[in-house]
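A look at the structure
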Amino acid sequence: MNNLFDRGDLSMSLKFGVLGLGMGGCSIASEIANIKTRITNKMTPYTGILINTNEVDLRKIPDSDNVKKYQLKGYEKGAGRDVEIGEKAFSEHKDEIAGLLKTHFSDREFVWVICGLGGGTGTGAVIEAIRLVYANGFAKRCGLILTLPRDKEGRQVLDNCLERLQKISQAMKGLGAILLTDNQKLYTEFLEEKPMASIGEYLDFSNKYIAKTLHEINVATASFNPVGGYHFDSSEFLNMLNTPGLISLSRISLRDNQLDADNESTYLPKIRDSISKGILSDGYNFKGAKKAAVSMIAPTGSSNRVFSMKFINNIEAIIEDFSPQADEKPVATYSDPKGEGVQIYSVFAGLPFPKRVSELIKKSEELNELVEEDVADDALSSLTLFSRKKTANEEIDVDSILGSKQELDFNTGNKVSSKSKGVDPFEFLNSK
Ligand SMILES: Nc1nc2c(ncn2[C@@H]2O[C@H](COP(=O)(O)OP(=O)(O)OP(=O)(O)O)[C@@H](O)[C@H]2O)c(=O)[nH]1
Ligand SMILES: [Mg+2]
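Residue positions are counted from 1 within each chain, in the order its sequence is given. Both sets of labels track the order of writing: A upward for chains, 1 upward for ligands. Per-residue local features of the predicted model are confined to residues with pLDDT of at least 70, and side-chain atom pairs are confined, for both listing and counting, to 80 or more; whole-chain, interface and lining totals are unaffected and use all residues. For side-chain calculations, the full set of non-hydrogen atoms in the structure is used, while hydrogens and water are omitted.

What follows concerns the overall build of the chain. Secondary structure elements follow DSSP: runs of H or I of four or more residues count as helices, runs of E of two or more count as strands, with numbering from the N terminus. Looking only at helices and strands, the chain has 17 helices and 11 strands in total. Counting only residues that meet the buried cut, the chain has 55% of its 432 residues in that class. Here, residues are in contact when the closest pair of their heavy atoms is within 4.5 Å. A separation of at least 24 residues holds for 80% of the contacts in the chain among residues at least 6 apart in sequence. About 19000 Å² of surface is accessible on the chain, with carbon and sulfur atoms providing 50% of the total. Buried means the residue's accessible area, taken with a 1.4 Å probe over protein chains only, is under 20% of the maximum for its type, while exposed means over 50%, and partly exposed covers the values in between. To be clear on the numbers: accessible area is Shrake-Rupley with a 1.4 Å probe, and residue cover counts the displayed protein chains and nothing else.

What follows is the structure, given as structure tokens:
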């Protein structure tokens, strides 16, 4: 079946700028910026700014005219998983980075700030980077792409990740969409297919996969002739990306000659399953979605047959069932003269954090308990470890990530943004 990503002849809804932070963030941003089309004057549809402390890691990323690499001087050796160093490194170079945003992102319609959560550089820089992007013309035109660590990456990585997520959750009402990539989910799926693969191969695969997913969703909303009444256009796609909260993307390809529009069992279970499974992360409570949209593309020859009223009613019923509270839930249908199967994309926006975040909190607690057990054996290490443990506990307030305190912080975030027109969603940090 043909694939929207590989086609190269399709136009995009939005011109993205991608700001990569740290090694993971830079690697993902580089894959997005490397996407090429065959359309004249749109050969490189995306622009990247890649920021890292570590000189060697940054050098390894391929150069390209639409990518600007920026090394944080004075921190050539990296931040060594220390979030404070990452934040300091970024802050010291803020003015120059603001200059880069102005020169390189001047024509961008939406900016993604991208980082792999858990390290020092990207995780440390991410909040200051969002503030800078907001202050430089992209308030309400900025989203986040974040990866969540695998279970076995260790306590420090997990705690770095959770601590940052906590701060981000406090500002979430003033931010655009957060697209999470769950490294554990993708890694498990990847290992099932390639049991002998290495972590390096996984990371490479995952970065291409994230880039491909984002590009596909961007072209699916812009390239085809609408059939029927509803067209989900670029401005509505932008509205989705501006909806505060998590965003979940799904995709499924069905062979049009096997899709029997009059027999629900040939398609409904598969579509439901694709939504629950998601592409980059899963475990969302879809009941909390603020917006949902489905774009379906069928080959021109079969679009009238496939997109019968009954078929569309059934898809609308699925979305209604998943997200009764969503205030918009368009189902758009398109025909593609070069299409080979029926492609169905769904986007759910304004979601709460997925289950994986609570799993990571549990994992972190287990690891912290293990540290406590060791402590009883050795007085010296008990002294050192005791204070480390204390810091971790103070900083990771589980309740405020998923519990009631979040609501309170959300409100504070709201007030700040209405006063200052949403320019600094993290203004509450100033008073700390
Ligand atoms: N999907 C994906 N995740 C990555 C990749 N590289 C790193 N990660 C994830 O991101 C987390 C942070 O790693 P890095 O991005 O290397 O860390 P950093 O920001 O460079 O920070 P320091 O090296 O400590 O200065 C890791 O724990 C991984 O879970 C990547 O290429 N792809
Ligand atoms: Mg690094």
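The next thing to look at is the site of ligand 1. Being near a molecule or strand, for a residue, comes down to having at least one heavy atom within 4 Å of it. In the region of ligand 1, 21 residues are neighbours, and G24, R81, T121, E153 and N207 sit closest. Identification of polar contacts relies on pairs of N or O atoms within 3.5 Å, with a donor-acceptor requirement for protein atoms, meaning one able to donate a hydrogen and the other able to accept it, and with residues adjacent in sequence counted only if both atoms are side-chain atoms. Contact distances for ligand 1 include 2.7 Å between an oxygen atom and a backbone N or O atom of G122. For ligand 1, an oxygen atom lies 2.6 Å from a polar atom in the side chain of E153. In the complex, the protein chains occlude 92% of the 640 Å² of accessible area that ligand 1 would expose alone. Every element with two or more residues in the shell around ligand 1 is listed here: α2 (22-33), α6 (121-138) and α9 (199-220). When residues in the shell around ligand 1 are grouped by element, the largest group, four residues, is from α2.

Another point: the packing of α6 against helix α7 (residues 155-171). Relative to each other, α6 and α7 sit at 10°, their axes nearing to 10 Å. Between α6 and α7, the interaxial angle falls into the category roughly parallel. For the pair formed by α6 and α7, the contact residues are T123, G124, V126 and I127 on the first element and N160, R164, K167 and I168 on the second. Convention adopted: a line fitted to C-alpha atoms gives each axis, helices being fitted over their contacting stretch, and angles between N-to-C directions are expressed from 0 to 180 degrees. Our angle categories are set so that under 35 degrees counts as roughly parallel, over 145 as roughly antiparallel, 65 to 115 as roughly perpendicular, and the remainder as oblique.

Attention shifts here to the sheet that holds strand β6 (residues 177-182). Only strands joined by at least two bridges in the DSSP assignment are considered to pair. With mixed pairing, 11 strands are arranged side by side in an open sheet as β3-β2-β1-β4-β5-β6-β8-β11-β9-β10-β7. Looking at which strands have only one partner, the edges of the open sheet turn out to be β3 (67-71) and β7 (225-227). Neighbour to neighbour, the strand axes of the sheet diverge by 25° on average, direction disregarded. Here strand β1 (residues 16-21) runs beside strand β4 (residues 110-116); their pairing, made up of six bridges, is parallel. Paired with F16 across the bridge in β4 is F110.

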